[in-house]
Amino acid sequence: MQKDNYLDLFDKEQKAVDHCLWLNFKYRIAGISFGVINGPDNNFAVCEEATAREMEMNFLDILPENHSQLYYKQLDVIRQDQEPLPFWESIIGMISTMDGEILRFILEQNIPLDKIIRHELALRGFDKNHRWCGFDRAREIWLK
């Protein structure tokens, strides 16, 4: 990733998409939307919607709703990346340092990690936008 004042440049489309999805999540509260456009050197650029409008460019229609359709081949690329995106580094770091027997148990027993994560978030007392709402309200939000 090459850092610019208004564009984040990527050689690979998937990395641009992943970065864009993260930025849209990260800046959801501020209401800032990001998208992917064609970059200046036959690459891909991630920028704010306002920046794309200013440059009179349209976002490419390549963003999925989420990562639920992530393929193993995409994970191979993410794992082999010399400069992984920080959120991938954190997620993969948690998993790769976990005991293999625990990972096998999670799969074998269909442990619902989404429920464990929701329960943890409810215990913290924050809503979906990381605003304090109290423990009772957080349970209502996260434990539906």
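Going by the structure above, here's the rest.
Colleague: I'm lost on the layout of surface pockets in this one. Help?
Modeller: Over the atoms a probe the size of a water molecule is rolled, and this reveals where empty space is left. The volume enclosed by the largest pocket comes to roughly 1,900 Å³. Taken together, 36 residues make up the lining of the largest pocket; nearest its centre are F87, W88, I91, M94 and I117. The set of elements that each furnish at least two residues to the lining of the largest pocket consists of α1 (13-26), α3 (72-80), α4 (86-96), α5 (100-108) and α6 (113-124). Classifying every residue of the lining of the largest pocket gives 21 nonpolar, 7 polar and 8 charged.

Colleague: Quick question: what am I supposed to make of the packing of aromatic side chains here?
Modeller: Two numbers describe a pair of aromatic rings. These are the distance of the centres and the angle of the planes. Applying the stated criterion to the full structure yields 6 aromatic pairs. Taken together, a centroid distance of 5.4 Å and an interplanar angle of 10 degrees make the contact between W22 and F87 stacked. With a gap of 65 residues between them, W22 in helix α1 and F87 in helix α4 connect regions that are remote in the sequence. With a centroid separation of 5.6 Å and 80 degrees between ring planes, the pair formed by F126 and W132 is classed as edge-to-face. By way of ring pairs, the aromatic residues W22, F25, F87 and W88 are connected into one cluster.

Colleague: What's the story with the pattern of salt bridges in this structure? I'm lost.
Modeller: When charged atoms on two side chains of opposite charge get close, those side chains can pair. Within this structure, the stated rule accounts for 5 salt bridges. Of the charged contacts, one joins R137 and E140 as a salt bridge, the two residues approaching to 3.1 Å between their closest N and O atoms. Of this pair, R137 and E140 both sit in helix α7 (residues 135-142), separated by 3 residues, roughly a single helical turn. Given the relative accessible area of 51%, E140 is considered exposed.

Colleague: What is the right way to read the environment of N38 from this model?
Modeller: In this fold, N38 is placed in strand β3 (residues 34-38). Once the C-alpha coordinates of N38 and L60 are considered, the two residues, 22 residues apart in sequence, prove to be 7.5 Å apart. Not counting chain neighbours up to four residues away, the residues in contact with N38 comprise N43, A45, M57 and L60.

Here is what the cut-offs are and how they apply
Residues numbered from 1 in each chain as written. Predicted model: local features only at pLDDT ≥ 70, side-chain atom pairs only at ≥ 80, totals over all residues. Heavy atoms only, no water. 1 Å grid on protein atoms, 1.4 Å probe; cavity = no way out; pocket = protein on both sides within 12 Å on 5 of 7 lines; lining within 4 Å. Points joined across faces, edges and corners; volume = space filled by probe spheres on them. Helix = DSSP H or I, 4+ residues; strand = E, 2+ residues; numbered from the N terminus. Nonpolar A, V, L, I, M, F, W, Y, C, P; charged D, E, K, R; others polar. Phe/Tyr/Trp six-rings, centres within 6.5 Å; stacked < 30°, edge-to-face > 60°. Salt bridge = Lys/Arg side-chain N within 4 Å of Asp/Glu carboxyl O. Buried < 20%, exposed > 50% of the residue type's maximum accessible area, 1.4 Å probe, protein only. Contact = heavy atoms within 4.5 Å.

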